[in-house]
Amino acid sequence: MSSERTEVQVRPGVEEDLEALTDLYNHFVRETPITFDTAAFSPEERLPWLLSHPEDGPHRLMVATDTDSQRILGYATSSAFRPKPAYATSVEVTIYLAPDAGGRGIGTLLYKALFEALAGEDLHRAYAGIAQPNEASTRLHERFGFRHVGTYREVGRKFGRYWDVAWYEKEL
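This structure is a prediction, so every number in the text was calculated from the model and none was measured. (Residues numbered from 1 in each chain as written. Predicted model: local features only at pLDDT ≥ 70, side-chain atom pairs only at ≥ 80, totals over all residues. Heavy atoms only, no water.)

1. Let's talk about the packing of aromatic side chains
Going through the model one piece at a time under the given rule, you end up with 14 aromatic pairs. Ring centres of Tyr25 and Tyr96 lie 5.2 Å apart, and the angle between their planes is 85°; this geometry places the pair in the edge-to-face category. Highlighted residues: Tyr25 in helix H1 (residues 18-31) and Tyr96 in strand S4 (residues 90-97), separated in sequence by 71 residues. Considered together, Tyr25 and Tyr96 belong to a single accessibility category, that of buried residues. Ring centres of Phe81 and Trp167 lie 6.5 Å apart, and the angle between their planes is 85°; on these two criteria the pair is classed as edge-to-face. With Phe81 in the loop between strand S3 (72-80) and S4 and Trp167 in strand S7 (residues 161-171), this pair connects stretches of sequence that are 86 residues apart. Since its relative accessible area comes to 14%, Phe81 is described here as buried. Among the aromatic residues, those joined into a ring-pair cluster are Tyr25, Phe28, Phe41, Trp49, Tyr75 and Tyr96. Arg161 extends its terminal NZ or CZ atom over the ring of Trp163, reaching a point 3.5 Å from the ring centre. (Phe/Tyr/Trp six-rings, centres within 6.5 Å; stacked < 30°, edge-to-face > 60°. Helix = DSSP H or I, 4+ residues; strand = E, 2+ residues; numbered from the N terminus. Buried < 20%, exposed > 50% of the residue type's maximum accessible area, 1.4 Å probe, protein only. Lys NZ or Arg CZ within 6 Å of the ring centre and 35° of its normal.)

Take a look at the structure:
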């Protein structure tokens, strides 16, 4: 990598990451329509979310860190798609990057690691919901073989307006 680029390490997320992961997520809660959560979380409130992504199984949390500073640059997860048992072979995937970490290939590294980790799991499909507009996320998902399957129009209200969510799927 060139000198302007940070060396990045991708690894499973651990409980020690909770505060930094919560801070990163809260940025998107407060500043963007990318998540439809509307109130910031405390690390304690986010602990069940972190613990629902162990280092094995179909629900994973992968974290990208700056190799030198160990600062978290982003994370990717696979989570339950829906709670009913017949959905168990489907996951919803998502990715969040620090505001200064976009456009550097970190999302690609995170999804590569996530999908490699999921390769041995009993999974059939991955789904991603992308609040619109979000060209960078759409491009990333299409690069990984996701295809658009439909759009929920004006499905969420945040910041005093309605937002569409485009849904993408990928065979696993």
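Back to the text.
2. As for the pattern of salt bridges
Tallying each qualifying case throughout the model produces six salt bridges. The residue Asp17 makes a salt bridge to Arg11 at a minimum N-O spacing of 2.8 Å. An identical accessibility class is assigned to Asp17 and Arg11; each is buried. We note a salt bridge from Arg153 to Asp164, for which the minimum N-O separation is 3.1 Å. Taken together, the residues span a long stretch of sequence, with Arg153 in strand S6 (residues 147-158) and Asp164 in strand S7 at a distance of 11 residues. Each of Arg125, Arg147 and Glu169 takes part in a single network of salt bridges with overlapping partners. (Salt bridge = Lys/Arg side-chain N within 4 Å of Asp/Glu carboxyl O.)

3. A word on helix H4 (residues 135-143)
Ser137, Thr138, Leu140 and His141 are the residues of H4 that are buried. Projected down its long axis, H4 shows its buried positions confined to an angular sector of 165°, all on one face. The exposed set on the far side of H4, more than 90 degrees from its buried face, consists of Glu135 and Arg143. Where H4 is buried, its residues touch S4, helix H3 (106-118), strand S5 (125-131) and S7. Residue Gly145 follows H4 closely and has a positive phi angle near 90°. (Arc of directions from axis to C-beta. Contact = heavy atoms within 4.5 Å.)

4. A word on the pairing of S5
Counting buried positions along S5 yields six of seven residues, so the element is predominantly enclosed. When S4 meets S5, the two strands line up parallel, connected through three bridges. Residue Glu92 lies in a different strand from S5, and its bridge partner there is Tyr127. With H3 bridging S4 and the parallel S5, this β-α-β connection has right-handed handedness. Pairing geometry for S5 and S7, over seven bridges, is antiparallel. Within S7, the position partnered with Ala128 by the bridge is Tyr168. (Pairing = 2+ DSSP bridges. Right-handed = clockwise from strand over helix to strand, strands pointing away.)

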